[in-house]
Number of protein chains: 2
Amino acid sequence: MLCELCEPKAPTVYRDDRLSVILVDDAAYPGFCRVIWNDHVKEMSDLANEDRLYINEAVYQVELALVGVMKPFKVNLASLGNMVPHLHWHLIPRYEDDAQFPSPVWAPAVRTTDKPVLAARRALLPQLAADIARRLEKK
Amino acid sequence: MLCELCEPKAPTVYRDDRLSVILVDDAAYPGFCRVIWNDHVKEMSDLANEDRLYINEAVYQVELALVGVMKPFKVNLASLGNMVPHLHWHLIPRYEDDAQFPSPVWAPAVRTTDKPVLAARRALLPQLAADIARRLEKK
């Protein structure tokens, strides 16, 4: 079965034979990343043990890159997949001035983050992409 | 620092020296579980490697219990912690007739699930609790 995540359209920061990492193009959330399992698998528990540990490690390395480069107040991690049941992890750097803080990003927005603040975060994205690639390539 | 998760109030399904599992009392989401790290730690990346693998494994075992007992359409996994920055994982069995489906449970509700359906799911909770305890005790 093919779905929209079987062929991700966003530029890939990292890709190997098992998974891909993309930067999500979300104006309110610079640094929002997705770790996408390449094969069309639904749940973490559908993965072979070795593959599950592999994606857990990749999610962890992307979290470390987010913490190091984006310096968020908190990192949010989520594997939902109700609309697109193809295993993927959302990793979202959260700040106290972001659009939904302290609610999850799927709650209604409660504010607009200042444009210069968003621009400063967006300016870190090349460094974030490089750090993610570096971490995953040396795994 | 003590927070509300440093001393969880809900009945504990499982507890060891590192983590606890509770069933969340959410009328719309029978089977909603939380895996809570006992110590007041903020991020997955703040854990020692061994501890991170330990909680990943516990989350996986609870997911297996949810899949086996609750038979959801999809399992949702999330570590957010913006309001209570004490490491915990939400595990939510999702169904196509649940209050927010296919949106995340933090989005506005779009329907009310039929009461007999919710009651049937609620009736599975003792079995879910027993399965979680069995899986984690034999780890």
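Given the structure is predicted, the values throughout are model-derived calculations rather than measurements.

Peer 1: Pulling in residues and values, what's your account of the interface of chain B and chain A?
Peer 2: A common way to report how large an interface is uses the accessible area buried once the components associate. On the chain A side, the residues contacting the 33 residues of chain B number 32 residues. On inspection of chain B and its partner chain A, the count reaches four salt bridges. A salt bridge links Arg52 of chain A to Glu57 of chain B; the nearest nitrogen and oxygen atoms lie 3.5 Å apart. One can count 20 residue pairs in polar contact (both at pLDDT 80 or more) joining chain B with chain A. Looking at the side of chain B that touches chain A, the elements with two or more residues in it are helix H1 (49-70), strand S4 (74-79) and strand S5 (88-94) of chain B. Taken together, the residues that form the side of chain B that touches chain A break down as 18 nonpolar, eight polar and seven charged. Sheet topology places strand S4 (residues 74-79) of chain A next to S4 of chain B; three bridges connect them, and they run antiparallel.

Peer 1: Describe the relation of the copies chain B and chain A, listing the residues and the values that go with them.
Peer 2: Mapping chain B onto chain A calls for a rotation angle of 180° and an axial translation of 0.0 Å; the resulting RMSD is 0.0 Å. These values place the two chain copies in the arrangement generated by a two-fold rotation axis. Residue Ala78 of chain B, judged by its C-alpha, is the member of chain B lying nearest the rotation axis, at 2.0 Å. Comparing interface residues between copies, 97% of those in chain B also sit at the interface in chain A, which points to an isologous, same-surface contact.

Peer 1: Please give an account of the pairing of strand S2 (residues 19-23) of chain A that cites residues and values.
Peer 2: Residue and element names in this part refer to chain A. Judged by how many residues are buried, S2 sits mostly within the fold: five of five residues are covered. Every second residue of S2 is oriented toward a common face, with Leu19, Val21 and Leu23 on one face and Ser20 and Ile22 on the other, all of them buried. Two successive antiparallel strands, strand S1 (residues 12-15) and S2, enclose a turn made up of three residues. By the bridge criterion, five bridges tie S2 to strand S3 (residues 33-37) in an arrangement that is antiparallel. Looking at the pairing, Ile22 lines up with Arg34 of S3.

Peer 1: Let's hear about the packing of helix H1 (residues 49-70) of chain A against helix H3 (residues 125-137) of chain A: which residues, and what values?
Peer 2: Residues and elements named next belong to chain A. At a minimum axis distance of 9 Å, the contact between H1 and H3 shows a crossing angle of 145°. In the packing of H1 onto H3, the handedness of the crossing is right-handed. The segment H1 lies against H3, with Ala58, Gln61, Val62, Leu64, Ala65, Leu66, Val69 and Met70 engaging Leu125, Gln127, Leu128, Asp131, Ile132, Arg135 and Leu136. Split into classes, the residues belonging to the contact of H1 with H3 amount to 11 nonpolar, two polar and two charged.

Peer 1: Outline the packing of aromatic side chains, listing residues and values.
Peer 2: Enumeration according to the criterion identifies four aromatic pairs over all chains in this entry. For the ring pair Trp89 of chain A and Trp89 of chain B, a centre distance of 5.8 Å and an interplane angle of 90° mean the geometry is edge-to-face. Of this pair, Trp89 of chain A sits in strand S5 (residues 88-94) while Trp89 of chain B sits in strand S5, on two different chains. Using a relative accessible area of 4% as the deciding quantity, one classes Trp89 of chain B as buried.

Peer 1: Before we move on, can you summarise the pattern of salt bridges with the specific residues and values?
Peer 2: One pass over the full model with this rule turns up 16 salt bridges over all chains. Between Glu43 of chain B and Lys74 of chain A there is a salt bridge, with the nearest N and O atoms lying 2.7 Å from each other. Pair noted here: Glu43 of chain B is in the loop between strand S3 (33-37) and H1 and Lys74 of chain A is in strand S4, and the two residues belong to different chains. Of the two residues, Glu43 of chain B and Lys74 of chain A, neither departs from the other in class, the shared state being buried. A salt bridge links Arg134 of chain A to Asp131 of chain A; the nearest nitrogen and oxygen atoms lie 2.6 Å apart. With Arg134 of chain A and Asp131 of chain A both in helix H3 and three residues apart, the pair spans about one turn of that helix.

Peer 1: For H1 of chain B, give the residues involved together with the corresponding values.
Peer 2: Over its 22 residues, H1 of chain B extends 31 Å from the first C-alpha to the last, a length consistent with the 32 Å expected when each residue adds 1.5 Å. Once H1 of chain B ends, the next one or two residues include Lys71 of chain B, with phi positive near 45°.

Peer 1: Outline unusual backbone geometry, supporting the account with residue identities and numerical values.
Peer 2: Residues and elements named next belong to chain A. Each neighbour pair has its own omega, and for Phe101 with Pro102 the value is 0°, a cis peptide bond. As for its placement among the helices and strands, Pro102 is situated in the loop between S5 and helix H2 (115-122). In this structure, Lys71 takes a positive phi of about 45° despite not being glycine. Mapped onto the secondary structure, Lys71 falls in the loop between H1 and S4.

Peer 1: Can you lay out the state of the cysteines for me, pointing to particular residues and giving the numbers?
Peer 2: Residue and element names in this part refer to chain A. Counted by the stated rule, this structure contains zero disulfides over all chains. Just so you know, Cys3 is unpaired, no disulfide at all, and the nearest cysteine sulfur is the one on Cys6, 3.9 Å from it. The thiol sulfur of Cys33 is not disulfide-bonded, and the nearest other cysteine sulfur, from Cys3, lies at 19 Å.

Calculation notes
- Sequence order as written defines the numbering, with residues in each chain counted from 1.
- Following the order in which they are written, the chains are lettered starting with A and the ligands numbered starting with 1.
- Under the rules for a predicted model, residues below a pLDDT of 70 receive no local features and side-chain atom pairs below 80 are neither given nor counted, while totals for whole chains, interfaces and linings still include all residues.
- Where side-chain values are given, they derive from all heavy atoms of the structure, hydrogens and water being excluded.
- Throughout, a contact is declared for two residues whenever any of their heavy atoms are within 4.5 Å.
- The rule for a salt bridge is simple: a side-chain nitrogen of Lys or Arg has to be within 4 Å of a carboxyl oxygen of Asp or Glu.
- Polar contact is defined as a pair of N or O atoms within 3.5 Å, subject to the rule that within protein one atom must be able to donate a hydrogen and the other to accept it, and that residues adjacent in sequence are counted only when both atoms are side-chain atoms.
- Secondary structure elements follow DSSP: runs of H or I no shorter than four residues count as helices, runs of E no shorter than two count as strands, and numbering proceeds from the N terminus.
- In this classification, the charged set is Asp, Glu, Lys and Arg, the nonpolar set is Ala, Val, Leu, Ile, Met, Phe, Trp, Tyr, Cys and Pro, and all remaining amino acids, among them Gly, are polar.
- Note on pairing: DSSP must find at least two bridges between two strands before they are called paired.
- In superposing the copies, a least-squares fit is computed on C-alpha atoms, taking residues whose pLDDT is at least 70 in both.
- Relative accessibility decides the category of a residue: with a 1.4 Å probe and only protein chains considered, values under 20% of the type maximum give buried, values over 50% give exposed, and everything between is partly exposed.
- The axes used here are C-alpha line fits, helices contributing only the stretch in contact, and every angle between their N-to-C directions lies in the interval 0 to 180 degrees.
- Handedness of a crossing is defined here by the sense of rotation of the near helix relative to the far one, left-handed for an anticlockwise turn of less than a right angle and right-handed for a clockwise turn.
- Stacked, edge-to-face and tilted are the three classes for Phe, Tyr and Trp ring pairs, Trp counted by its six-membered ring, which pair at centre distances within 6.5 Å; planes under 30 degrees apart are stacked, over 60 edge-to-face, the rest tilted.
- One less than the residue count of a helix, multiplied by 1.5 Å, gives the span that helix is expected to have.
- Two cysteine sulfurs form a disulfide in these notes if their separation is within 2.5 Å.

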